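# Architecture at a glance
Listed here are the chains, written in short residue letters.
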Amino acid sequence: MSTDKPELKRKHSLAHILRENSAVQGIALISPTAIYMLIFIVLPMILVAVLSFMSRGTYGNVVYEFNFQNYVRLVDPLYFRILLYSLGVGLATMVFTIMIGYPLAYFIARSPARKRSFYLFLILLPFWTNFIIRIYAWIMILRTQGLLNTVLLDLGLIQDPLEILYTPTAVLIGMVYEFLPFMVLPLYTSLEKIENAQMEAAADLGARPWKVFLRVTLPLSVPGMIAGSILVFIPAMGMFVVPDLMGGAKTVLVGNVIRNQFLTSRDWPFGAAASMLLMILTLAFTLYYTRKAGFGEELLV
Amino acid sequence: MSEKKPALWLRIFSFLVYLYFYLPILILIVFSFNTQKLNVRWEGFTLKWYEVLFNDSNVMLATRNTLIIAFISTLVATVIGTMAALALQRYRFPGYTLIESILYIPVIIPEVVMGISLLAFFALIKFQLGLVTITISHIAFNIPFVTLVVRARLHGFDKSIEEASMDLGANELTTFWRVTLPTIMPGVLSGAMLAFTLSLDDYVITYFSAGPGATTLPLRVFSMVRFAVTPEVNALSTLWVLTVLVILLISQVVQKRQT
Amino acid sequence: MNKYKLFALGLTLSILLAACGGGGPASDNVLNLYAWSEYVPQQLLDNFTEQTGIEVNYDTYSSNEELMAKLQAGASGYDVVIPSDYTVTIMINQGLLEPLDKTQISNFSNIFDTLTGLSYDPQNDYTVPWQWGTSCLVVDTGKVTRPITKWADLWDPEFEGKVVLLDDEREVLGMVLSVLGYDKNSTDPQQLEEAKQKLLELMPNVKLFDSDSPKTALLAGEVWLGQTWNGEAALAHMENPDIQYIIPEEGCTVWYDNLAIPKDAPHYNAAMQFINFVLDPQESILITYEFPYSNPNRAALELLQTEDPQAYDAYMNFPATNPSADDMSRLKMIQDVGDATALWDRIWTEVKGGE
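Numbering of residues starts from 1 in each chain and follows the order in which that chain's sequence is written. By the order in which they are written, chains take letters starting at A while ligands take numbers starting at 1. The model is predicted, so local features are restricted to residues of pLDDT at least 70 and side-chain atom pairs to those at 80 or more, both for listing and for counting; the totals for chains, interfaces and linings are taken over all residues.

### Here's the deal with the overall build of chain A
Helices and strands together make up the secondary structure of chain A, namely 14 helices and 2 strands. In this treatment the radius of gyration is a C-alpha quantity, and the globule benchmark scales as 2.2 Å times the residue count to the 0.38 power. Its C-alpha atoms give chain A a radius of gyration of 25 Å, more than 25% over the compact-globule value 19 Å for 301 residues. The principal-axis extents of the C-alpha atoms in chain A amount to approximately 70 × 65 × 35 Å. Secondary structure elements follow DSSP: runs of H or I no shorter than four residues count as helices, runs of E no shorter than two count as strands, and numbering proceeds from the N terminus.

### A few points about the overall build of chain C
What chain C contains, in helices and strands, is 14 helices and 11 strands. Compactness check: chain C gives a C-alpha radius of gyration of 22 Å against a globular reference of 20 Å for 355 residues, within 12% of the reference. Taken along its principal axes, the extent of the C-alpha atoms in chain C is 70 × 60 × 45 Å. The long-range share in chain C, meaning contacts at least 24 apart out of those at least 6 apart in sequence, stands at 76%. By the convention adopted here, residues are in contact when the distance between their C-beta atoms, placed from the backbone, does not exceed 7 Å.

### Regarding the interface of chain A and chain C
Contact residues are listed per partner, giving 27 residues for chain A and 29 residues for chain C. Secondary-structure elements contributing two or more residues to the side of chain A that touches chain C are helix H5 (77–110) and helix H13 (254–263) of chain A. Here the term charged refers only to Asp, Glu, Lys and Arg, the term nonpolar to Ala, Val, Leu, Ile, Met, Phe, Trp, Tyr, Cys and Pro, and the term polar to all other amino acids, Gly among them. Among the residues making up the side of chain A that touches chain C, the classes are represented as 10 nonpolar, 11 polar and 6 charged.

### Quick look at helix H6 (residues 113–124) of chain A
Note on burial: count the other C-beta atoms lying within 10 Å of the residue's C-beta; 20 or more is buried, 12 or fewer is exposed, in between is partly exposed, and C-beta positions come from the backbone. Among all positions of H6(A), only A:Ser117, A:Leu120, A:Phe121 and A:Ile123 are buried. Viewed along the axis of H6(A), the buried residues span an arc of 155°, placing them on a single side of the element. It is the directions from the helix axis to the C-beta atoms that the arc portrays.

### Details of unusual backbone geometry
We note that B:Lys126 has phi near 55°; this positive angle belongs to a residue other than glycine. Following the sequence through the fold, B:Lys126 ends up in the loop between helix H5 (111–124) and helix H6 (131–154). On the basis of neighbour count, B:Lys126 is assigned to the exposed category, with 8 C-beta atoms found within 10 Å. Unusually for a residue other than glycine, C:Asp264 sits at a positive phi of about 60°. Looking at the secondary structure, you find C:Asp264 in the loop between strand E10 (252–262) and helix H9 (268–278).

### Side note on the environment of C:Asp327
Residue and element names in this part refer to chain C. Within the element layout of this structure, Asp 327 appears in helix H13 (residues 325–329). In this structure the C-alpha to C-alpha distance between Asp 327 and Asn 32, which are 295 residues apart in sequence, comes to 37 Å. Each residue touching Asp 327, except ones within four places of it in the same chain, is listed here: Ile 247 and Pro 319.

### Focus: the nonpolar core
Inside soluble globular proteins, nonpolar side chains tend to come together where they are buried. Remark: nonpolar core denotes a set of buried Ala, Val, Leu, Ile, Met, Phe, Trp, Tyr and Cys residues whose joining runs through C-beta atoms within 7 Å. With 254 residues, the main nonpolar core has A:Ala105 and C:Val80 as its most contacted residues. Among residues more than four places away in sequence, those in contact with A:Ala105 are A:Val184, A:Leu187, A:Tyr188 and A:Leu191. One finds C:Trp132, C:Trp255, C:Tyr256 and C:Tyr293 within the second-largest nonpolar core, a separate group that totals 5 residues.

### Let's talk about the packing of H5(A) against helix H11 (residues 209–238) of chain A
Residue and element names in this part refer to chain A. The axes are straight lines fitted to the C-alpha atoms, using for helices just the contacting stretch, and the angles between their N-to-C directions are given from 0 to 180°. Between H5 and H11, the shortest axis-to-axis distance is 8 Å and the interhelical angle comes to 145°. At the point where H5 passes H11, the crossing takes the right-handed sense. For the pair formed by H5 and H11, the contact residues are Ser 86, Leu 87, Val 89, Gly 90, Leu 91, Thr 93, Met 94, Thr 97 and Ile 98 on the first element and Met 225, Ser 229, Val 232, Phe 233, Ala 236 and Met 237 on the second. A breakdown of the residues in the contact of H5 with H11 according to their chemical character gives 10 nonpolar, 5 polar and no charged. Here is the rule for handedness: rotate from the far helix to the near one, and if that takes an anticlockwise turn smaller than a right angle the crossing is left-handed, while a clockwise turn gives right-handed.

### A look at the interface of chain B and chain A
Listed as interface residues are 91 residues of chain B and, on the opposing side, 93 residues of chain A. Listed by contribution, the elements that provide at least two residues to the side of chain B that touches chain A are helix H1 (8–30), helix H3 (57–90), helix H4 (96–108), H5, H6, helix H8 (172–201), helix H10 (217–224) and helix H11 (231–258) of chain B. The residue inventory of the side of chain B that touches chain A, partitioned by class, reads 66 nonpolar, 18 polar and 7 charged.

### Re the domain arrangement of chain C
Residues and elements named next belong to chain C. Segmentation of the chain into domains, including their bounds, is taken from an automatic or database domain assignment. Along its sequence, chain C is carved into domain 1 (28–132 + 256–322) and domain 2 (133–253 + 329–353). Between domain 1 and domain 2, the C-alpha centre-to-centre distance is 27 Å. Of all the secondary-structure elements, those providing two or more residues to the side of domain 1 that touches domain 2 are helix H4 (85–93) and strand E5 (127–140). In terms of residue count, H4 provides more of the side of domain 1 that touches domain 2 than any other element does, 4 residues in total.

### Here's the deal with the environment of A:Phe68
With respect to the helices and strands, the residue A:Phe68 is situated in the loop between strand E2 (62–63) and helix H4 (69–74). Between the C-alpha atoms of A:Phe68 and A:Tyr102, which are 34 residues apart in sequence, the distance is 45 Å.

### Regarding H5(A)
Here the expected span of a helix is defined as 1.5 Å times the quantity of residues minus one. Between its first and last C-alpha atoms H5(A) spans 48 Å; for 34 residues at 1.5 Å apiece the expected length is 50 Å, and the two agree. Along H5(A), the largest kink reaches about 35° and is centred on A:Gly101; proline A:Pro103 follows within four residues of it. A residue's bend is given by the angle between axes fitted to the 7 residues ending at it and the 7 residues starting at it.

### Overview of the domain arrangement of chain A
Each assigned domain of chain A is listed here: domain 1 (1–51) and domain 2 (70–300). Placing the centre of domain 1 of chain A and that of domain 2 of chain A at their C-alpha centroids yields a distance of 32 Å.

### Description of the pairing of strand E2 (residues 55–61) of chain C
Residue and element names in this part refer to chain C. For E2, the buried fraction is high: 5 of the 7 residues fall into the buried class. Strands are treated as partners if at least two bridges between them are detected by DSSP. For strand E1 (residues 30–36) and E2, the ladder comprises 7 bridges, and the chain directions are parallel. Bridging across to E2, Tyr 34 finds its partner in Asp 59. Throughout, right-handed denotes a crossover for which the path from the first strand over the helix to the second runs clockwise when the strands point away from the viewer. Read as a crossover between parallel neighbours, the route from E1 over helix H2 (residues 42–52) to E2 is right-handed.

### Notes on the packing of H4(B) against H6(B)
Residue and element names in this part refer to chain B. H6 packs onto H4 with a crossing angle of 115° between their chain directions and a minimal axis gap of 8 Å. In terms of orientation, H4 and H6 fall into the roughly perpendicular class. Both H4 and H6 take part in a crossing whose hand is left-handed. The residues of H6 that touch H4, namely those facing Leu 103, Tyr 104, Pro 106 and Val 107, are Ala 140, Phe 141, Pro 144 and Thr 147. Of the residues contributing to the contact of H4 with H6, the split by class is 7 nonpolar, 1 polar and no charged. Any angle from 65 to 115 degrees is called roughly perpendicular, while one under 35 is roughly parallel, one over 145 is roughly antiparallel, and all others are oblique.

### Overview of the confidence of the model for chain C
All names here are of chain C. Values of pLDDT, which run from 0 to 100, indicate the predictor's confidence residue by residue. The predicted model of chain C averages 90 in pLDDT, with 91% of residues at 70 or higher. Scored below 50 in pLDDT, residues 13–27 shows 20 contacts in the model against residues more than four places distant or in partner chains. Scored by ipTM, the complex comes to 0.90, with pTM at 0.90.

### Examining the environment of C:Ser109
Residues and elements named next belong to chain C. Residue position: Ser 109 is located in the loop between strand E4 (97–98) and E5. The exposure class of Ser 109 is exposed, given the 11 C-beta atoms found within 10 Å. The spatial distance from the C-alpha of Ser 109 to the C-alpha of Glu 232 is 30 Å, given a sequence separation of 123 residues.

Laid out in structure tokens, this is it:
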């Protein structure tokens, strides 16, 4: 390994200014993302924010008169109930993805190095098929005369077919399936960096395996769990396609409410207000949660 | 407990989870050979849908568009998203909390809202809708996923290795390529794979960013639902899954030879 | 880092392979068609290109509201769209449509007189009928032995968990309103409240709401009866002849899809040529051969009768494609409810998100 190539040494001086000031370094690294997000996320969201203070015209057009009426409409036990229910769906999905995803991520992280990325690709590969036919495949498995019931009946494990499809159980099966990779990958990412040596050291000191796990592994994997939880909980809370297709669309979730304002009632201002409120609540919660769990804590040292 | 191999119960558990991952995929593959056009029940074996697929220039074009968009958006999002993760995890600078918050927006905001806001924005600045606008939107929702995953990897990263490298005379760039990047690589790779997956399958945001002639596969399939999602789509997914699987297996074999 | 390189290589290769697959039409001589998927026969588009030299880009949407959202935000670049009746009303009112140059539609007289000048566009200034159909009652007579003639039969306790409804507030609440004897486009809060209570009584019978593909649950035997579009019913009937389509006593929805040109369409003349082209009986007949909806083109049906009497009889004798005059009198269009939309939405949300 030749570390000091002469041409790199010349570049050394160019990096001099960057080296002096860590804030400048940070800004240099963040600026491509910051500029991109400013143009393609913040500016469009400002349009949404403005829209949320307008009102709907008779034909679903936007009437440009400033008012708070949309936000007033949102203060309603009906929408509060829907929010709570959506939180429940998101939470259940998150808990199950952690329960299933954690051991799997641990398994991959403890596998021989050359097999790890193979196992990871194997997790994502099913999701490179089309969403609709993936869900239809689940419907074929779960329905009354579907694969699962046929197998269970043939084995004599059950007497009557299970009615799973179009129930909350089916929704949970589908949600966990769709979101599992978003938990496993971040978990793997942080579990993989825990050295075998760290665990062996603890084991050598006489700690039992589960104690090693609780004292060493679990704390070190917390950042991965946080990242995974954000990537699962928040989108799962807003998800409505899986609940609609596998649950029979008999419930309304936050995602439905907002979607319907844009694509059924065509009440864009009200939809904009609902999503602004949802965004502010979720953002506050996320920032609080990540800070409390010490995501990026090394900064404060 | 053996040193190299994970415990037996863990291996059995993982096998079952993989079964959960692949059960619908097996069903999907089997039904790509179904004679029934509506694809509700199994009727009989046929290879017809593969023939239909190869003669369907619309689906081929949509597949090409989808892959190009997914590839470019993943590449861009991974590079600048990783830079952002480094910045957020290691530096303090003015506007830190603001930028961190902005990065969460695409994860938080419902897809419909993001789609419509981008559409309104493109219309406002008179930007012609097409493959470019779809790619721009995909990069926007992919960046946060990459950043979050890489940040999780960077968390608790031992800076002393980097310092040691610098003490040995390596400059920042060399240190980054030789020390930092290999260490965070699993995070970067995971982030990139998630981004690629998201991009391949996105419907809502793509719908609103698409213009004439710029149809992607999810757009095509979603609008087929009302009539019939024919086994042709299963055939396409089957080919795609098998191709990637073969590439993966070859890479495993090649690696084994190398070591 | 070899595994990553190899993966990237594989990915690049597959993209290059895919990229060789073909390029989109690049000439200026194009028509950007925006329609439901599986709604315009490829043969028809090919014929059009052959005759005029104009290439067609056929992009798809999956609901009227998606179409409106796209056009409402600004120039979309599309030349021909296919909105349904109530959507036309809204689009005309919002100035989203370009008036048609009627001098260029010499084939307009091929349309049934009864299907021109409908309420949403009385002079056909903006639209020309494309296809039409209904959304009524569908029953699997293999499972339901007693005769079903009206929507009110859905409330029968014997159908607990055996009903599928469209996931569409206008269709479902409209159906309940007509069961109560009210106008399906009612804006009266009292009537809507009654409809909500009545719908809540039906909920134990509802297995699922599905607007995308209600036929799937029906064919799989998950449900026995419910509400669906005529096209869905025709497809299901082909798979399982026990599945029958009924126009119930209380009546149901009739819809008309129309060809129209969005405001500022980049290729107006090509769009006009296309509209006139598809009204040609020889071309229109292709639609009827391929898709199970009703054809508004009188000349095309006459042509079908002489060319293929068997297909003609099948078309005429199936209530899903050809309702009788008596049935027709009980059909009613969905109309935009204007400011009452918020009330409809709230009631729908309450029914589904109630407890």
